[in-house]
Amino acid sequence: MASHQLLALAPWALLLLLQLAGASHVVHRSLEAEQAPSSVPASIVSPLLRTGYHFQPPMNWINGPMYYKGWYHLFYQYNPKGAVWGNIVWAHSVSRDLINWIALEPAIKPDIPSDQYGCWSGSATILPDGTPAILYTGIDRPNINYQVQNIAFPKNKSDPLLREWVKPTYNPVATPEPGMNVTQFRDPTTAWYVDGHWRMLVGGLKGDRRGVAYLYRSRDFKTWVRAKHPLHSALTGMWECPDFFPLQAPGLQGGLDTSVPSGKYVLKNSLDLTRYDYYTVGTYNKVTERYVPDNPAGDYHRLRYDYGNFYASKTFFDPVKHRRILLGWANESDSVTYDKAKGWAGIHAIPRKLWLDPSGKQLLQWPIEELETLRGKSVSVREKVVKPGEHFQVTGLGTYQQFILEDSKLEESHPFYLYQADVEVSFKVSGLEKAEAFDPAFTDDAEKLCGVKGADVKGGVVFGLWVLASGGLEEKTAVFFRVFKAGYGGKPVVLMCTDPTKSSLSPNLYKPTFAGFVDTDISSGKISLRSLIDRSVVESFGAGGKTCILSRVYPSMAIGDKAHLYVFNNGEADIRISHLTAWEMKKPLMNGA
């Protein structure tokens, strides 16, 4: 699976981002040479479902990025033989801004004994002399995923594009020891430097259930020795793609280099059992080499970066803008057969800036500011009241001017087509007393609650957006909030959902509801939502980035200029749109194609 880190412009401790994970490790070799069946619906293979501003390569599996001498580098696991898992090499694209990408030749291929059957994920670290060193997982035996850790260096480190990489003869640098699970030992992290030693983590599984972050130490970045105990472990199943990094003080939006000591750290793991990314906030003792979550129950009731289709993520420290950036991978929600017909599978989420909430309990996330350079024509709504059971369509003139839709004075105009858009909206709820009682049976299962209380279940307090909607609402994807009354004298409970159950009339699609609770005080009635809409992607941020949900959808009608945006209120209380602005999003000049 995958990991990433950022290659910095500065000396030794600055990092290289390499998100290289993603798909299941199942190898569909029988599918590699098949022709796409003729029974695939035309809408599935429509180029208008291929993302416009989310990164994806010309075809096949993708995952991850980095920065070196003025360029961000995106390395991603890629199968040159088909849109299925197998024959994995490290493809390579570069960018000046994490938005516009140029494809280069693959960077790392299976060509030494310790990776001859596959080059899986890894991370990179800048050594004291400025040399980037990539640590990655190799498969060295046929017919079994026997996993070892390797290292590679740029052939010419003066080349800012890092087009060629070489592997020293002393590979592998870490191998499974007796008693370790040889097929569950992968994804080395970016290393950090403490008191004369480099440290790195490798994900693993001990026994049947205990996920572990194995800790390795090295003085020379060549000989690595496993510590007697892992940095941390829990009974959660295999830990893929571990990530470990320090945080600024609560509320400060800057990031820290991985080797900078801090009072708070994040340990993230991608759980192979659930295919979701979980994290805890805690403390790291460099003497005992232990990480302890702040929440004693954190390992079993953990926070997620994203409550939707988001996996194998990794952060990196950006030394230019002094921020920590999160990148994650989203697979397809249609079938392998459909993936083959399309010729591509998997995308990257929009890079997100990440920092510790003022409460110190969770992370906040927000799309990187560079994304706003793609904003084009916009339309705004101010102080619009949406009565119970009502909805309205956001429409606009076909010009590149911004204008206001005043209260009930909606413009009579051409529809504002929003199949590729950035929408920011601030809601104000006037009647929280009409909220439903919260059933504590759902305290740990927001997704189940969303399945029971979907967007079309009327009553209480429920409101949000219908995106990628057809004109007659036969197809629509709902991104919404449902508010419940407080229990035991506490604050109201806020549920954020993405409900794609009516997103498409195409058959055989996986259309799960996704949801997470939002740790916010809505007593004032105010809450915000931002949704990035990109043809077959809906990526949403609730309450300023406290809860995030990415979903894949495949409309059959709401495609291209047939896609619309609505605000709806299916509750019993008035909802005021304090301010809504929707921008059409331009396609990057280059997107890896």
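Nothing here was measured: the structure is a model prediction, and the numbers come from that model. (Residues numbered from 1 in each chain as written. Predicted model: local features only at pLDDT ≥ 70, side-chain atom pairs only at ≥ 80, totals over all residues. Heavy atoms only, no water.)

Explanation requested: the nonpolar core in the structure shown.
Membership of the largest hydrophobic core comes to 59 residues, with the highest contact counts inside it found for F427 and L580. Sequence-distant contacts of L580, defined by excluding residues within four places in its chain, comprise V379, S380, V381, V394, V423, E424, V425, L465 and V567. Counting 23 residues, the second-largest nonpolar core is a separate cluster that includes Y53, F316, L327 and F541. (Core = buried A, V, L, I, M, F, W, Y, C linked by side-chain atoms within 4.5 Å. Buried < 20%, exposed > 50% of the residue type's maximum accessible area, 1.4 Å probe, protein only. Contact = heavy atoms within 4.5 Å.)

I tried to follow the packing of aromatic side chains on my own but got confused; where do I start?
In this description, a pair of aromatic rings is defined by centroid distance and the angle of the planes. Across all of its chains, the model carries 26 aromatic pairs by this definition. Ring geometry for F427 against F481: centres 6.5 Å apart, planes inclined by 80°, an arrangement best described as edge-to-face. One end of the pair, F427, is in strand β29 (residues 420–429); the other, F481, is in strand β31 (residues 477–484), with 54 residues separating them in the sequence. The same class applies to F427 as to F481, namely buried. Of the aromatic side chains, those joined through ring pairs into one cluster are W192, F244, Y265, Y284 and Y291. Cation over ring: R304 sits above Y276, and NZ or CZ is 3.7 Å from the ring centre. (Phe/Tyr/Trp six-rings, centres within 6.5 Å; stacked < 30°, edge-to-face > 60°. Helix = DSSP H or I, 4+ residues; strand = E, 2+ residues; numbered from the N terminus. Lys NZ or Arg CZ within 6 Å of the ring centre and 35° of its normal.)

Would you take a moment to explain the sheet that holds strand β27 (residues 391–393) for this structure?
Across a sheet, paired strands are connected by hydrogen bonds in the backbone, their directions being either parallel or antiparallel. Sheet architecture is open: six strands sit in the order β27-β37-β30-β31-β32-β33, paired in antiparallel fashion. Where the open sheet ends on each side, the last strands, each with one partner, are β27 and β33 (514–518). Between one strand axis and the next, the sheet turns through 15° on average, direction left out of account. (Pairing = 2+ DSSP bridges. Axes fitted to C-alpha atoms, helices over the stretch in contact; angles between N-to-C directions.)

How should I be thinking about empty space enclosed by the protein in this particular structure?
If you roll a probe as big as a water molecule over the atoms, it shows you where there is empty space left. Tallied over the full model, the rule gives two cavities of 30 Å³ or more. Listed by contribution, the elements that provide at least two residues to the lining of the second largest cavity are β16 (239–247) and β24 (352–356). The element best represented in the lining of the second largest cavity is β24, accounting for three residues. (1 Å grid on protein atoms, 1.4 Å probe; cavity = no way out; pocket = protein on both sides within 12 Å on 5 of 7 lines; lining within 4 Å. Points joined across faces, edges and corners; volume = space filled by probe spheres on them.)

What's the story with the sheet that holds strand β5 (residues 102–108) in this structure? I'm lost.
Taken in spatial order, the four strands of this open sheet run β2-β3-β4-β5, and their pairing is antiparallel. Lying at the two open borders of the sheet, with one neighbouring strand each, are β2 (67–68) and β5. Across four bridges, the pairing between strand β4 (residues 89–95) and β5 is antiparallel. Residue pairing for β5: W90 is matched across the bridge by I108.

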